[in-house]
Amino acid sequence: MSVPKAELHVHVEGAAAPDLVRRIAARNRVRVPDGVFTEDGRFRWRDFLDFLDTYDAATSVIRTGEDYRDIVYEYLVSCAAEGAIYVELTASADHAAHVGLSDAEHLAALAQGIDDARAETGIEARVVMSCVRHFGAEKAVQVARRTVAAAHPYVTGFGMGGDEAGFPPEAFAPAFAIAEEAGLGLTVHAGEWAGPDSVRGGLALNVSRIGHGVRAAEDPELVRELADRGTVLEVCPTSNVALGLYPSYETHPLPALRTAGVAVTLGSDDPPYWGASIGGEYAVAADRMGFDEAALREVTRTALRGAFVEEDVRRRLLDVV
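Conventions adopted
- Residues numbered from 1 in each chain as written.
- Predicted model: local features only at pLDDT ≥ 70, side-chain atom pairs only at ≥ 80, totals over all residues.
- Heavy atoms only, no water.
- Buried < 20%, exposed > 50% of the residue type's maximum accessible area, 1.4 Å probe, protein only.
- Helix = DSSP H or I, 4+ residues; strand = E, 2+ residues; numbered from the N terminus.
- Pairing = 2+ DSSP bridges.
- Disulfide = S-S within 2.5 Å.
- Axes fitted to C-alpha atoms, helices over the stretch in contact; angles between N-to-C directions.
- Contact = heavy atoms within 4.5 Å.
- Core = buried A, V, L, I, M, F, W, Y, C linked by side-chain atoms within 4.5 Å.
- Right-handed = clockwise from strand over helix to strand, strands pointing away.
- Arc of directions from axis to C-beta.
- Phe/Tyr/Trp six-rings, centres within 6.5 Å; stacked < 30°, edge-to-face > 60°.
- Lys NZ or Arg CZ within 6 Å of the ring centre and 35° of its normal.

A.B. asks: Before we move on, can you summarise the pairing of strand S1 (residues 5-11) with the specific residues and values?
C.D. replies: Summarising burial for S1: 7 of the 7 residues are buried, a large majority. For S1 and strand S2 (residues 84-92), the ladder comprises 5 bridges, and the chain directions are parallel. The residue bridging Ala6 from the neighbouring strand is Tyr86, located in S2.

Okay, structure coming up:
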């Protein structure tokens, strides 16, 4: 099934495969912390909290602009090989700053990875700069201001991840207002580890998209509101099943959300941690969730219509779906 694919939800640091993490560590002359890999070379984790520890340990070796360029380039090339035509990468200004990169160095590296992948494969990509909930509302405002000040043409969106249950989104309205005023697209992680109220809080930030958002399925009134608003959900089925949010693909609410008229897309989140890929997410939707080719093409069109990208690029991409 050669359906063109588009992805709106993948984290830059979380896209680095085990082999690339090892190569980056060797180049930076640092040791990958103990316990990151299984004996057969995959990422080792048991549950959600353990996954977070492994993720932090693996990404601790990422130190330079070259590292970021390589992650973006290798990920996008792999997506293009599966038929992807567009990807939005969620970047962390805080992670880059923590390892000593300036915003200019970080953004230049992400852009170089995008440019190199496009030159080789034709894939298009943009960046959503993300703040982190559990770093606090004031830090989020700083990230928003830095993102707006940098005004990089490839940074077309602003978002927020982190501890969803402990830090509801309403407190972060000032950061989102700064990004919105500058013309950036808005998305927020919600409705993954917290329930429908978290999605409602996200909507109050005037976002056009919700990262995950699947817990909205627990509230029929909220599902209707999402459908009426045209809010786009960035759904990551394999991540949700692997981390135990749902026991199986068959119990995942994606098909029901789609049937209810909610705009849904597919994402891989942190793909090497659960053996996922954007091609794999489309295959799961087809093989385990009843999506036929027409439905999958509509998923791609939904992603492109909801993408934070220039209108001429959007039209060109939609023409090939």
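Anyway, onward from the coordinates.
A.B. asks: Any details on unusual backbone geometry? Residues and values, ideally.
C.D. replies: Residue Arg29 is not a glycine yet carries a positive backbone phi of 55°. Mapped onto the fold, Arg29 is located in the loop between helix H1 (18-28) and helix H2 (48-59). The phi angle at His212 is positive, at roughly 80°, despite the residue not being glycine. Note that His212 resides in strand S6 (residues 209-212).

A.B. asks: Explain the state of the cysteines to me, using residue names and the numbers behind them.
C.D. replies: Joining two cysteines, a disulfide is a covalent bond between their sulfur atoms. For the coordinates displayed, the defined rule picks out 0 disulfides. Counting only cysteine sulfurs, Cys236 is the nearest neighbor of Cys131, a cysteine outside any disulfide, at a range of 18 Å. Considering cysteine sulfurs only, Cys79 is the nearest to Cys236, which forms no disulfide, with 12 Å between them. Here Cys236 falls in the buried class, since its relative accessible area comes to 0%.

A.B. asks: Would you mind going over the sheet that holds S2 in detail, with residue names and values included?
C.D. replies: Strands sit in the order S1-S2-S3-S4-S5-S6-S7-S8 across an open sheet of 8 strands; the sheet is parallel. Here the strands that pair on one side only, and so sit at the sheet edges, are S1 and strand S8 (263-266). In this sheet, neighbouring strand axes are inclined to one another by 25° on average, regardless of whether the strands run parallel or antiparallel. Pairing of strand S5 (residues 185-190) with S6, which is carried by 4 bridges, proceeds in the parallel orientation. The residue of S6 that forms the bridge with His189 is Gly211. Sitting on the sheet, helix H6 (residues 137-150) is in contact with strand S3 (124-132) and strand S4 (155-161), with an inclination near 150° to S3. The sheet contacts of helix H13 (residues 293-306) involve S1, S2, S6, strand S7 (232-235) and S8, and relative to S8 the element is tilted by about 100°.

A.B. asks: Describe the nonpolar core, listing the residues and the values that go with them.
C.D. replies: Leu76, Leu89, Phe158 and Phe176 are the most contacted members of the largest nonpolar core, which has 95 residues in total. With 7 residues, helix H3 (residues 65-81) is the single largest residue contributor to this core. If you look at the next biggest cluster of nonpolar residues, it comprises 13 residues, including Leu8, Tyr86, Val232 and Leu304.

A.B. asks: Can you lay out the pairing of S6 for me, pointing to particular residues and giving the numbers?
C.D. replies: Chirality of the crossover, the property in question, places the unit of S5, helix H8 (residues 196-203) and S6 among those that are right-handed. With 3 bridges connecting them, S6 and S7 associate as parallel partners. The partner of Gly211 across the bridge, within S7, is Glu234. As a crossover connection, the stretch from S6 through helix H9 (residues 220-229) into S7 is right-handed.

A.B. asks: Give me the lowdown on the environment of Leu101, citing residues and values where you can.
C.D. replies: By secondary structure assignment, the location of Leu101 is in the loop between helix H4 (93-98) and helix H5 (103-121). Judged by relative accessible area, Leu101 falls into the buried class, the value being 11%. Along the chain, Leu101 and Arg63 lie 38 residues apart, while their C-alpha atoms are 7.8 Å from each other. Each residue touching Leu101, except ones within four places of it in the same chain, is listed here: Arg63, Thr64, Gly65, Tyr68, Ala96 and His106.

A.B. asks: Can you lay out H1 for me, pointing to particular residues and giving the numbers?
C.D. replies: Where H1 is concerned, the buried positions are Pro18, Leu20, Val21, Ile24, Ala25 and Asn28. Burial along H1 is one-sided: seen end-on, the buried residues are contained in an arc of 160°. Where H1 is buried, its residues contact H2 and H3. Trailing H1 by a residue or two, Arg29 shows a phi angle of about 55°, which is positive.

A.B. asks: Got a sec to walk through the packing of aromatic side chains? Specific residues and values, please.
C.D. replies: Applying the stated criterion to the full structure yields 12 aromatic pairs. Summarising the aromatic geometry, the rings of Phe51 and Tyr55 are spaced 5.8 Å apart at their centres and angled 65° between planes, so their arrangement reads as edge-to-face. Placement of both Phe51 and Tyr55 in helix H2 is noted, with a separation of 4 residues, approximately one turn of the helix. The two residues Phe51 and Tyr55 agree in class, both being buried. Three or more aromatic residues joined by ring pairs make a cluster, and in this case those are Phe37, Phe43, Trp45, Phe48, Phe51, Tyr55, Trp193, Tyr273 and Trp274. A cation over a ring is seen here: Lys5 above Tyr282, with NZ or CZ 5.7 Å from the ring centre. Directly above the aromatic system of Phe37 lies the positively charged group of Arg22, at a separation of 4.1 Å from the ring centroid.

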